[in-house]
Amino acid sequence: MTPGQLGEILGLPPVPQGTWAEEAVYVSPAALRLRRQPGELADRLRGLPGIADVRVRADAFLEITVAVPGELVAAIGPAVPPAGGVSPWVDAPRTWGNPGFVVRYAHVRAVAVQRWAAELGVGGRFRPELLTDPLDRAVLRSLAEVDSRRASRDPGWAAYTEQLALAYHDAFERAPALPVGDEEPSALHAARVRQAEAVRDVLAEGLAALGETAPDVL
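About the cut-offs
Residues numbered from 1 in each chain as written. Predicted model: local features only at pLDDT ≥ 70, side-chain atom pairs only at ≥ 80, totals over all residues. Heavy atoms only, no water. Buried < 20%, exposed > 50% of the residue type's maximum accessible area, 1.4 Å probe, protein only. Helix = DSSP H or I, 4+ residues; strand = E, 2+ residues; numbered from the N terminus. Pairing = 2+ DSSP bridges. Salt bridge = Lys/Arg side-chain N within 4 Å of Asp/Glu carboxyl O.

With that settled, consider the pairing of strand S2 (residues 24–28). A large share of S2 lies buried, amounting to 5 of its 5 residues. Residues Ala24, Tyr26 and Ser28 of S2 are buried on one face, and the alternating residues Val25 and Val27, pointing to the opposite face, are buried as well. Of the pairings in the sheet, the one linking strand S1 (residues 15–17) to S2 comprises 3 bridges and is antiparallel in character. Counted as the bridge partner of proline 16 is tyrosine 26 from S2. As consecutive antiparallel partners, S1 and S2 are separated by 6 residues, and within that stretch glycine 18 has a phi angle of approximately 75 degrees, a positive value. In this structure, S2 lies alongside strand S4 (residues 62–66), joined through 5 bridges in antiparallel fashion. Each bridged residue has a counterpart across the sheet, and for serine 28 the counterpart in S4 is leucine 62.

Structural data, given as C-alpha cells:
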C-alpha cells in the first residue's frame, strides 16, 4: 500500500508519522474532511491488502500502519517538474556544511548507483519487503512525504530535499546497494538500487522546483 493509493481512498495523501524505525505509520484527517465516522473509515481500511493496522485517535485522525513500507518505492518515478523557483543555495563550498552540496551530491550518488549496478549485474525482481534495515527505513520515511508535499501549498522543497539527501547519504555509506569485494549481487542489493532510483527522481523533482538542474556529476 503506497501513499498515492491511500490518497485515492482518503481524498488526500496521508502524512508519515514518527521515525518508521519499528512501524510505518501515516496520519490522515480524512474522516473529518469527508464527514464520516472515523471508526467506519478505519474498518474499511483494515480490510485492504497491505494495511497492517488502523488506529483512531481521540481527535478523530487515523493512524494507518502499512505492512510493507518499501512498496512506495515502486510508485515513484520521474515527475513533471514543478514551476522552477529560485535556489536558496550557492555552489561553493562543496562541503557537508553546504545544504546545496548535500542535495546535489546525493543525486550524483543515486545516479552513479544505477550505472554501477548495471556494470556489476545487480538486478532482478524488486522485493520491497527486504528494505527493513533502519537505514533503509529512514530513506523510506523521507520518500513517504513526497505525495503530501506535492499536494501542499508550501511544499518546502529545500528543507525536504536536504532531509532526504542526508538519509540517503547514510544509507549509501552504511547499507550499500552494491556488492562489496567478492560479494555476489543479491535481491537486497536490487531492492536498494530501486530505492536509489526513487531517491534520484525525487531529488531531481525538488531541485527542479528550486530552479536547478539535477547534476549527474560534480
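This part is about the pattern of salt bridges. Under the defined criterion, the tally for this structure stands at 17 salt bridges. Note that arginine 57 is salt-bridged to aspartate 59, the shortest N-O span being 2.8 Å. Among the residues examined, aspartate 59 registers a relative accessible area of 36% and is labelled partly exposed. Taking the shortest distance from any N to any O, the salt bridge between arginine 57 and glutamate 63 comes out at 3.8 Å. Residue arginine 57 is classed as partly exposed on the basis of its relative accessible area, which comes to 27%. Glutamate 63 gets classed as buried once you look at its relative accessible area, which sits at 13%. A single salt-bridge network, built from bridges that share partners, covers Glu23, Asp53, Arg55, Arg57, Asp59 and Glu63.

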